[in-house]
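Observations on chain architecture
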Amino acid sequence: MDQKNLSRRRFLQSSGSLAGTAYLRLLGPAVIAIAESACTAKHTASPFKVLGADEANDFAAIAARLIPTTDTPGATEAGVIYFFDSAFAAEMSGQLEAARTGLAAFNAALDESHPDARRLSNLSEDDQDAFLKTQESEQFFGLAWAMTIFGFFSMSKYGGNKDNIGWDLIGFEGDHGAWQYPFGYYDAQVHGEANHGE
Amino acid sequence: MANKIRFETREEVDFAIIGSGSAGGILAKELSTAGFSVVVLEQGPYRKAGDFTHDELSVLVRGELHGGESEVHGQTFRDDESKTAVRPMRSPIRYARTVGGSSVHFTANFWRLRPIDFKERSLLGPISGTNFADWPITYEELEPYYTKVDWEIGVSGAPGPFDAPRSKPFPMPPMPIKSSGVLLERGAEKLGLHAQHEPHAILSQPHNGRAGCISCGYCMFYGCEAGAKSSTLAAMIPLAEASGNCEIRPDSTVIRIDTDANGRASQVVYLDPNGVEQAQKAKAVVLSANGAESARLLLMSASAQHPDGLANSSGFVGRNLMHNAHAVATGVFEQSLNDYKGVQVSRIIHDFYETDEQRGFYGGGGIDARPLFSATPIFHTMAGLDPDVPRWGKEFKDSMVHNFTRQMSVVGSTTSLALDRNNITLDPESKDAWGRPAIRETYRDHPDDLAMASFLEDRAMELVDAAGAVKSWRLGIHPTTGGEHLLGTCRMGDDPATSVVDSTHRSHDVPNLFICDGGSMVTSGRGQPTMTIMALAFRAADHIKAAASTSNI
């Protein structure tokens, strides 16, 4: 059996059953691609352990503005939403309720400022950023920010930082076992002359 | 190796040692290899080198080696005793709960004190409102034990222009210079200062059967998977266990030291891994649980005979807590340093070590250059970002991408003055996960400590700029609200009215109770206390062995 196609089909079916085809349109293509690849990797029908589709959409949209996709990958490509989901399912399960309450307040504020938007991801990127700015002092924003950072830079075993995208981006060569001198430009000038190791 | 020895709790061993860290690990090795029976009670688990990871989320964020964060330990903090202490998100008192204690996860910067540190009070005179005092011992008395640490624990380094005299050379050459070290040298040269090699409790080459450093870059906050960091876990515990006289008993949470009708320590009461109360009988007790935990345990051991806590007739148990204040200046450079690789520090500056009355305040300090916030990505994002850049969005991302490999910090570490108001007490409300009264810290820096930190921050900024930073900023001097350096709370001294232990670490009040850890220190030094804690432990061990062999414990 083609496990890959089966999982993918199941994901699309289950998503469809949750929110209908409109939901799929709301997800950006990048999120769908990640969801599919995660499905494939996990051989599971549902891509998320605890997050509902709308919640996942919102968290993914917030993360995508905090570390945006530019000419280089951002939170979306790093699969940060899967970190959110894994963390809320395990180590941070105690904070899931607070996060849901915070997200509800976030969406209520969004409704107030953009009555037709329904979801953050429906706004233009500039409008998303402008709205997020109004939320910066909220505890919920702080939580989403921290989790985006953790999801972008923690080990990929936690669900995010897919293929070490976060580490590669900033030039951190990762969880390497050992390094040889010289490490950088300035010590290379010295070790070059002095036969490294002193 | 032979099967490890196990003792029955009812069997009276020669020594019960509480804590297996920088001091406890050394005392365990010294006493057991001298033929005494020893049980070491360690509240953390028995992790080995292979258990240590580079998992930043687990270690840095979730406090894996601390045994969890504030919800587990319940510690509280206040800056004045008139206030009710509150529980912050991060525990104010931070140390590793694991066999080897904080020697496992410390950065391994390893400075000796200098002769003046032991007699500064006599040289400078009193400072009103403080408990500033001379040590009951001198540098010369401790020097052989510093040398013992160099060779037995394993220290890499090379002498600097201001170093105290040493009786033997370093056993190993220093760790190679990093880009942060090269840049600190550049800055120092321009400013007429003297950059010198950083001494490390890290093996630059194989030593005593242990492998040398592989430069993985995870020294600060992490355990060393190569065993090259000279923790007591790597250097001492294996020798203690191989003696056949020492049992390391991990996951043992001590709740009380009992005394008998003669006022002598008789047994150590602890919770075993299943939470069941046990009591280990011992001829003598050595308390090396660190400068916060030792004080808490003595206060928890109050009884009708010792109403204010054990060994506390002076009222000095828990008092005079000293953390060392810090200053940080950060610079971004044109080219990549990749300073996250290798040990943290390769060059230091000790030109400002001594008190200079022209500055107008007491104190001195040391300076180093290191990646600090650029050691790992989450840490960088949480604390190391350019303050002029937003915290999210494209500009944030671009700044991180550019700066992470190009950044370093120059760090100043200062003296702290001993004050009554800075102390460890038992929180009246908060409990830890084992039901013990939580550690309550009360701390407010002496103005001279903050003045010294500001002075070093200015010097650090000058150094970063002189080194050629294209952008630089300071962290700002903030009041200390906790720390890893836990000093002064059971200070040593000749006068039982103003100290907890004598110059051999025997408590003034309880003849068979010895206390040796950071709490023994009378003054704070200039910011890297572990070398001195280890030297004190070797010295204490010699005195305890001598006393025990003449039945004087």
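Definitions and cut-offs
Residues numbered from 1 in each chain as written. Chains lettered and ligands numbered in written order. Predicted model: local features only at pLDDT ≥ 70, side-chain atom pairs only at ≥ 80, totals over all residues. Axes fitted to C-alpha atoms, helices over the stretch in contact; angles between N-to-C directions. Helix = DSSP H or I, 4+ residues; strand = E, 2+ residues; numbered from the N terminus. Parallel < 35°, antiparallel > 145°, perpendicular 65-115°, else oblique. Contact = placed C-beta atoms within 7 Å. Nonpolar A, V, L, I, M, F, W, Y, C, P; charged D, E, K, R; others polar. Buried ≥ 20, exposed ≤ 12 C-beta atoms within 10 Å, placed from the backbone. Core = buried A, V, L, I, M, F, W, Y, C linked by C-beta atoms within 7 Å. Pairing = 2+ DSSP bridges.

1. A closer look at the packing of helix α5 (residues 139–154) of chain B against helix α13 (residues 530–549) of chain B
Residues and elements named next belong to chain B.
- Running from N to C, α5 and α13 cross one another at 105 degrees; their axes reach a closest spacing of 8 Å. Classified by the angle between their axes, α5 and α13 sit roughly perpendicular to one another. Counted together, Leu-142, Tyr-145, Tyr-146, Lys-148, Val-149 and Ile-153 of α5 and Met-531, Met-534, Ala-535, Phe-538 and Arg-539 of α13 form the full contact between these two elements.
- For the contact of α5 with α13, the per-class residue count stands at 9 nonpolar, no polar and 2 charged.

2. What about helix α9 (residues 293–300) of chain B?
Residues and elements named next belong to chain B.
- In terms of burial, α9 is largely enclosed, as 7 of its 8 residues are buried.
- Restricting attention to buried positions, one finds in α9 the residues Glu-293, Ser-294, Ala-295, Arg-296, Leu-297, Leu-298 and Leu-299.
- Close packing links the buried residues of α9 with β1 (13–18), β6 (253–259), β8 (277–287), β13 (423–431), β14 (437–442) and β16 (513–515).

3. Some remarks on the nonpolar core
- The biggest cluster of nonpolar side chains holds 198 residues, and the ones touching the most others in it are Leu-27, Val-285 and Ala-537 of chain B.
- Here Ala-537 of chain B is in contact with Ser-22, Ala-23, Ile-26, Leu-27 and Cys-516 of chain B, once residues within four sequence places are set aside.

4. Considerations on the pairing of strand β9 (residues 326–332) of chain B
All names here are of chain B.
- With 7 of 7 residues buried, β9 lies mostly within the body of the structure.
- With burial as the criterion, each face of β9 is covered, one bearing His-326, Val-328, Thr-330 and Val-332 and the other bearing Ala-327, Ala-329 and Gly-331.
- Pairing analysis gives 7 bridges linking β9 to strand β12 (residues 407–414), with the strands arranged antiparallel. The partner of Gly-331 across the bridge, within β12, is Met-408.
- For β9 and strand β15 (residues 471–474), the ladder comprises 4 bridges, and the chain directions are antiparallel.

5. Concerning the sheet that holds β13 of chain B
All names here are of chain B.
- Taken in spatial order, the 3 strands line up as β3-β14-β13 in an open sheet, and their pairing is mixed. Of all strands in the sheet, those bounded by a partner on one side alone are β3 (76–78) and β13. Geometrically, the sheet is characterised by an average inter-axis angle of 35 degrees between neighbouring strands, direction not taken into account.
- By the bridge criterion, 5 bridges tie β13 to β14 in an arrangement that is antiparallel. What sits directly across from Thr-425, in β14, is Arg-440.
- Against the sheet, α9 contacts β13 and β14, and its axis sits at roughly 65 degrees relative to β13.

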